[in-house]
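So the chains spell out like this:
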Amino acid sequence: MNLLRQLENGRDAQAVTQDDHPFTYQDLLQNVQDLKLELTPYRRPMVVSSEALTVLSALIACQELDIPLWIAHALGNRRDFDMVAESQKIDVRIGDGGQLEAIGGGAGTNSSGAFAIHIMTSGTTGTPKIARHALDALLGRISTNSLSQGSWLLTYPPSTFAGIQVLLTAISSGSPIVAYRTQSTIKLAEAICRYSITHVSATPTFWRAALMALHPSRAGNSLRQITIGGEIVDQSLLDTLRRAFPSARIAHIFASTEAGALFSVKDGYAGFPAAWLSTKIDGVELRIQDGILQVRSPRTMQAYVSGHPSPYTADGWLSAGDLVEVRGDRVYFSGRSDAIVNVGGAKVHPEEVERFILGIEGIADVVVVGVKNALSGAVLKADVVPMPGFEPEALRQKIARVCHSALPAHKIPRIIHMVPHVTTSFAGKKSGPLE
Amino acid sequence: MSDTEILDFICLRIQEAAMAKGTGSVAIDGETLILGGHLPVDSLDLAAIVVELESCTGCDPFSKGFVDFRTVGELVRLYSSPK
């Protein structure tokens, strides 16, 4: 797909509203033409911006120039950027407002390559993994689905895999996007009302907070498509969203920076049908090896270009690192294979405990982590967000009682704090398994 | 935190653990054995108390390895400010 052509078709219609400033397709087209001209001497640009408008312009300009683009997270520090820029031989940095800064030897010193999109993982530790994707693969699920026009809200940073998916989906369908540099849930939830947003893709953590900020009686009536992804989706969230927004389509999507967009589940139930293990779904083959889901998809990344070991098995399957279990005719996600906490010698997946607590009445959200200590290796701590109208101390005692009556000793959070909101990572996901 | 405040904090957390397990309130003093006595707490409850005491007092008596203690009073003394 030629992205520039999409802009030309849009003309004077609204394309992107960035921090409440509207830009038409014509404005965006002009941005792209200017950037294309300025980028002409360069071969390996990296865009570092929290502006959707800038990331989108860079994507389209690089497709036109047929050169690769690296997309970095804007909140990283300068030293991390310099490290990545050096290892990837980046020759120009595209910053906010499309401002260019020549890097290292400057223009034209490095070899080029055809257009490809390099996306970084959002993990908080170690050097970022950089996945190279082809545009066709990123658009794979988008173009095979019938696209409905609407107005999209970008809840993810535009540099993340999920953010790029939303930008490409909106541009491909000729739908306007509303984007902010901030990831404040309150601000984003307000934007749903102000701009009569119809399509929102976000993490479960976002949706739980938005459900509190966004009362259906005053807003949300515009929502036609709710997409949930990035973390495990539990049944209670699906049920709550269904009750709050009865006329919206609700889907949870399975995707990752490495695996690409794999498939979405639209039947309103957590997990996915076990039948999909024996039949392809959206062109993707699925299998379970040692409790971990593996995929074979035409939309996975081409390779890491950051020197990290390949996540592909010898027979070409990709492990996404998600632990799954088959119960009846359904496959459920139980946690990340790398997110295990050792509590007194027993292994615990904090996400499993989170899902249990989310099933207790009055809980808006929860994050469970292991806290290291000298006595038991780790002990579980739950930070719990109560729903409005529930007395926090009474709820705290109830959670303790319910967990003690239903969970084995090592899965019971022994520290329970009531908090106004949960802490999330750059990509809007809950924090890691240990603190 | 004073020794009395530390003791009160430990007693509160033990009573909460007792409530969560459905047992009634328990009598506690400095000589009470934390584990292996009549208190309805297990090693993970104790680990949680230690984590929270470190957070409240800023003191980590286990930073150089495990320190032997058995009673509530001995635990209080681990977190006492140097006199």
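A quick note: this is a predicted structure, and the numbers were derived from the prediction, not measured.

(A) Summary view of the overall build of chain A. When its secondary structure is counted, chain A shows 12 helices and 25 strands. Dimensions along the principal axes, computed over C-alpha positions, put chain A at roughly 65 × 50 × 45 Å. Counting only residues that meet the buried cut, chain A has 54% of its 435 residues in that class. Considering only contacts in chain A between residues 6 or more positions apart, those separated by 24 or more positions represent 65%. By element, 51% of the accessible surface of chain A is carried by carbon and sulfur atoms, the whole surface being about 17,900 Å². Between the mean site of the 40 positive side-chain charges and the mean site of the 40 negative ones, chain A shows a separation of 4 Å.

(B) The arrangement of the confidence of the model for chain B in detail. Averaged over every residue, the pLDDT of chain B is 89; the share at 70 or more is 96%. Among the scores for the predicted complex, ipTM is 0.94 and pTM is 0.81.

(C) Representation of the sheet that holds strand β17 (residues 292–296) of chain A within the structure. Ordered by their spatial adjacency, five strands build an open sheet running β15-β20-β19-β17-β16 (chain A), and the pairing between neighbours is antiparallel. Of all the strands in the sheet, the pair left with one neighbour each is β15 (272–273) and β16 (285–289) of chain A.

(D) Representation of the sheet that holds strand β3 (residues 45–48) of chain A within the structure. Residues and elements named next belong to chain A. If you walk across this open sheet you meet the seven strands as β6-β5-β3-β4-β7-β8-β18, and the pairing is mixed. The sheet is open, and its two edges are formed by β6 (100–102) and β18 (303–304), each paired on a single side. Pairing geometry for β3 and strand β4 (residues 69–72), over three bridges, is parallel. Residue pairing across strands places V48 opposite A72, the latter belonging to β4. Packing against the sheet, helix α4 (residues 78–87) makes contact with β3, β5 (92–94), β6, β7 (117–120) and β8 (130–133), and its axis sits at approximately 160° to β3.

About the thresholds
- Residues numbered from 1 in each chain as written.
- Chains lettered and ligands numbered in written order.
- Predicted model: local features only at pLDDT ≥ 70, side-chain atom pairs only at ≥ 80, totals over all residues.
- Heavy atoms only, no water.
- Helix = DSSP H or I, 4+ residues; strand = E, 2+ residues; numbered from the N terminus.
- Buried < 20%, exposed > 50% of the residue type's maximum accessible area, 1.4 Å probe, protein only.
- Contact = heavy atoms within 4.5 Å.
- Areas by Shrake-Rupley, 256 points an atom, 1.4 Å probe, with all protein chains shown as cover.
- Lys, Arg positive; Asp, Glu negative; His and termini not counted.
- Charge placed at Lys NZ, Arg CZ, Asp CG, Glu CD.
- pLDDT = per-residue confidence, 0-100.
- Pairing = 2+ DSSP bridges.
- Axes fitted to C-alpha atoms, helices over the stretch in contact; angles between N-to-C directions.

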